[in-house]
Amino acid sequence: MNARTGLCAAIALSTACAGGGSRRSAHGDLRFVDTETAARLRHAAVVAEQGASSASASALVQAAPVILGLMQQDHSADELEERLAECAVQAERQGNARFFENRPPTRQECREVVGRDRCGNPITRAMQLGKQKHVLVLQCAEEVLKELWAAPYSIEQRYRYYPNAKFVETISREKEARMLAEGCTDELRGTIKPDLVLHADRNLLESALTLNFKFPCP
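Just so it is clear, the structure is predicted and the values come from calculations on it, not from any experiment.

**Remarks on the packing of aromatic side chains**
For the structure shown, the criterion picks out two aromatic pairs. Judged by centre distance (6.2 Å) and plane angle (50°), the ring pair of Phe 99 and Phe 100 falls under tilted. Residue Phe 99 is classed as partly exposed on the basis of its relative accessible area of 36%. The buried category is assigned to Phe 100, whose relative accessible area is 7%. Its end group placed over the ring of Phe 99, Arg 125 keeps NZ or CZ at 5.0 Å from the ring centre.

**Brief notes about the state of the cysteines**
Scanning the entire structure with this criterion turns up two disulfides. Two residues, Cys 87 and Cys 140, share a disulfide whose sulfurs are 2.0 Å apart. Every disulfide takes its handedness from the sign of the S-S torsion; for Cys 87 and Cys 140 that torsion is -70°, giving left-handed. In this pair, Cys 87 is assigned in helix H5 (residues 77–100) and Cys 140 in helix H7 (residues 125–148), connecting sequence segments 53 residues apart. On the basis of relative accessible area, Cys 87 is assigned to the buried category, the value being 1%. The disulfide partner of Cys 110 is Cys 217, and the S-S distance across this bridge is 1.8 Å. Here Cys 110 and Cys 217 share a disulfide; its torsion about the S-S bond, -80°, makes the bridge left-handed. In this pair, Cys 110 is assigned in helix H6 (residues 107–111) and Cys 217 in the segment after strand E11 (209–213), connecting sequence segments 107 residues apart. According to the relative accessible area criterion, Cys 110 is buried, its value standing at 3%.

**Side note on the nonpolar core**
Counting residues in hydrophobic clusters, the biggest one holds 28 residues, and the most contacted among them are Leu 80, Leu 84, Val 137, Trp 149, Leu 196 and Phe 213. Looking at this core, the elements that each hand over two or more residues are H5, H7, strand E10 (196–198) and E11. Membership of the second largest hydrophobic core comes to five residues, among which are Tyr 161, Val 168, Val 197 and Leu 205.

**Here we look at the pairing of strand E7 (residues 158–162)**
E7 sits mainly inside the fold: four of its five residues count as buried. Bridging between E7 and strand E8 (residues 167–171) involves five bridges; their strand directions are antiparallel. What sits directly across from Arg 160, in E8, is Glu 169. Turn length for the E7-E8 hairpin, with the two strands adjacent in sequence and antiparallel, is four residues, and the turn residue Lys 166 shows positive phi of about 55°. In this sheet, strand E9 (residues 191–192) lies alongside E7 in antiparallel orientation, the contact comprising two bridges.

**Some remarks on the side chain of Thr 191**
When you line up the elements, Thr 191 lands in strand E9. From its side chain, Thr 191 meets the backbone oxygen of Leu 188 in a polar contact 2.6 Å long. Filtering out sequence-adjacent residues up to four positions away, Thr 191 remains in contact with Arg 158, Tyr 159, Arg 160 and Ile 171.

**Some remarks on the pattern of salt bridges**
Across all of its chains, the model carries eight salt bridges by this definition. The salt bridge involving Arg 83 is made with Glu 79; its shortest N-O contact spans 3.8 Å. Here Arg 83 and its partner Glu 79 are both found in helix H5, four residues apart, which amounts to about one turn of the helix. For Arg 83, a relative accessible area of 23% translates into the label partly exposed. Residue Glu 176 pairs with Arg 158 through a salt bridge whose shortest N-O separation is 2.8 Å. Placement of the pair is Glu 176 in helix H8 (residues 173–181) and Arg 158 in strand E7, with a sequence separation of 18 residues. Exposure class is identical for Glu 176 and Arg 158. Each is buried. The structure contains a network of salt bridges with shared partners spanning Glu 79, Arg 83 and Glu 147.

Here is what the cut-offs are and how they apply
Residues numbered from 1 in each chain as written. Predicted model: local features only at pLDDT ≥ 70, side-chain atom pairs only at ≥ 80, totals over all residues. Heavy atoms only, no water. Phe/Tyr/Trp six-rings, centres within 6.5 Å; stacked < 30°, edge-to-face > 60°. Buried < 20%, exposed > 50% of the residue type's maximum accessible area, 1.4 Å probe, protein only. Lys NZ or Arg CZ within 6 Å of the ring centre and 35° of its normal. Disulfide = S-S within 2.5 Å. Helix = DSSP H or I, 4+ residues; strand = E, 2+ residues; numbered from the N terminus. Core = buried A, V, L, I, M, F, W, Y, C linked by side-chain atoms within 4.5 Å. Pairing = 2+ DSSP bridges. Polar contact = N/O pair within 3.5 Å; in protein donor to acceptor, adjacent residues only side chain to side chain. Contact = heavy atoms within 4.5 Å. Salt bridge = Lys/Arg side-chain N within 4 Å of Asp/Glu carboxyl O.

Now the structure itself:
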């Protein structure tokens, strides 16, 4: 697999919370990214296997300059981005190695239906791989954040946004589990679940930076 092609297609690190409109709540401010900013930063944050490019090296700082003051002492935002990108590279390789002997899956293999969910909807190989790679990358990312990020952070915290009231709330793990256990439910509609939310303090509704790992297939 060509390193540049593989990384662009499979492990682009999309950076949110850069310039989207603020959604105020009674408890704080969780920013959502606008489409143009998301696309620009997603491409800027692609990292080659040999190391960060000049464009990607400052992508996190461009997205949220406040993170410079929230890093652990003697560590930089560039290091944080590089380490998280390394997690994505590792997850991509490990995920593919389980099924494809270290080669990327083909378009046909990505479309292959490998099962059904509880609602009877098809589960494709692309969906299965994406889920498995997310487990791997988030395990790695948590270790990185423990080492480099001095402030609190959330991993796969689910939020609900009420557009009419401009109100955001967190959904507890217990409530999310109950909603999922109900099976084919509309309760999850209107919710978002970012991979990583880095906070400046312990308010889960205030995001210094929001990150999502993307594993497109093929």
